[in-house]
Amino acid sequence: MSGINLAILGATGVVGSEILNVLEKSSLPINSIKMLSSSRSAGKKVIFKGQEYTVIETKPEEFEGIDIVLASAGASTSKTYADTIVKAGAVIVDNSSAFRMEKDVPLVIAGANDDDLRKHKGIVANPNCSTSQLMLVLKPLHEYANIKRLIVSTYQAVSGAGKAAMDELLAHTEAKITGKEFETKAFVKPIAFNLIPQIDIFCDNAYTKEEMKVVNETKKILHLKENTPISCTAVRVPVFIGHSEAVTVEFEKPLTAEKAREILENAYGIVVMDDIENKIYPTPTFVAGKDPVYVGRIRKDLAFDNAIAMWVVADNLRIGAALNTVRIAEKLVEMKLVKNS
């Protein structure tokens, strides 16, 4: 195979830029690459592997001859162009929420449920960022002991809400320090030196859409029973990059903390940082810019008879978006699931 023809949809956004960073080190065989965006960003210059590319306005004809589209331009854009991309013979790996819960669309974390890629009909969905980092941790534990119940609290960085949110955290922090007035725009509450227990809108059951994404996507990816009890509380925190999660998992089969640690130490994409005597555990500032999912504070849970509690941290722009997107593309090529592979 000489290489694939690749398109980046949303090339100038936060995740699109990170996709290009990940691709710099990827083994993905690229014959050509096309940078696509909205009309607002068309004409901008992007550097990839030392070469300058001009960003092109997204139009249907731009997908002709493309093998894989890595999309991070939002749900409405993905819905607008998905049929066109599929009809052109390409596979779209979509970062938005547009297709995640569609029955015929695989929702994939590379290294967790790769076989689901074989079911694709031209669209593959990348899970929500808070779900993504959790799956690499839960998958090997579930294979060993079977998940019975899951409780998750997420502490999510502002980068999960885009560049405007990151800019607001910086500007609001500076305003607070200097005593200036500040108008909140990107969040429902002030973010600097604060915690916001709401990400996305509230559903009829009083959980937010973000929390229900964790519930529903976890069941789909791990092929859990629909009645598996899962609960999530999602909190936005004043951190730029790096989602953290406090996780309690109850299992059907016996699993000690020591065995869980051993399993995770040998699992794909996981680094265990768990030495409480020396205060070694992962934090958002440590994981920023790194590929693995980091796990610490692994211990027997005191509330359930057969449960493990742990602390899971990862760079949300990488494993939660860009890195998994590229890994999916690599798997599609490796498994010969695109037209030029």
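You'll find the structure just up there.
Residues numbered from 1 in each chain as written. Predicted model: local features only at pLDDT ≥ 70, side-chain atom pairs only at ≥ 80, totals over all residues. Heavy atoms only, no water.

What exactly am I supposed to notice about the overall build of the protein here?
For the protein, the helix and strand inventory stands at 8 helices and 14 strands. Its C-alpha atoms give the protein principal-axis dimensions of roughly 60 × 55 × 40 Å. Within the protein, the fraction of its 341 residues that count as buried is 52%. Within the protein, counting contacts between residues at least 6 apart in sequence, those at least 24 apart form 67% of the total. Put simply, the protein shows about 15,500 Å² of open surface, and 50% of that area lies on carbon and sulfur atoms. (Helix = DSSP H or I, 4+ residues; strand = E, 2+ residues; numbered from the N terminus. Buried < 20%, exposed > 50% of the residue type's maximum accessible area, 1.4 Å probe, protein only. Contact = heavy atoms within 4.5 Å. Areas by Shrake-Rupley, 256 points an atom, 1.4 Å probe, with all protein chains shown as cover.)

Help me out: how do you make sense of the sheet that holds strand 8 (residues 123–125) in this one?
Sheets are built from strands that pair by backbone hydrogen bonding, the pairs being arranged parallel or antiparallel. One open sheet holds the 6 strands; their spatial order is 5-2-1-6-7-8, and the pairing between them is parallel. With one partner strand each, in any of the chains shown, strand 5 (56–57) and strand 8 form the two edges of the open sheet. Examined bridge by bridge, strand 6 (residues 68–71) and strand 7 (residues 91–94) share 4 bridges and lie parallel to one another. Directly across from I68, in strand 7, lies its bridge partner V91. The sheet strands contacting helix 1 (residues 14–24) are strand 1 (4–9), strand 2 (30–37) and strand 6, and the helix crosses strand 1 at an angle near 150 degrees. (Pairing = 2+ DSSP bridges. Axes fitted to C-alpha atoms, helices over the stretch in contact; angles between N-to-C directions.)

Looking at this structure, how should I read the nonpolar core?
When a protein is soluble and globular, its nonpolar side chains tend to lie buried together. Core analysis: the largest hydrophobic core is formed by 89 residues, its most contacted members being I8, L23, M35, L70 and M310. With 8 residues, the single largest contributor to this core is helix 8 (residues 318–334). Once residues within four sequence positions are removed from consideration, L23 is found in contact with L6, I8, L28, I30, I33, F48, K49, L70 and V326. Judged by nonpolar contacts, the second largest core, of 7 residues, contains A165, M166, L169 and I191. (Core = buried A, V, L, I, M, F, W, Y, C linked by side-chain atoms within 4.5 Å.)

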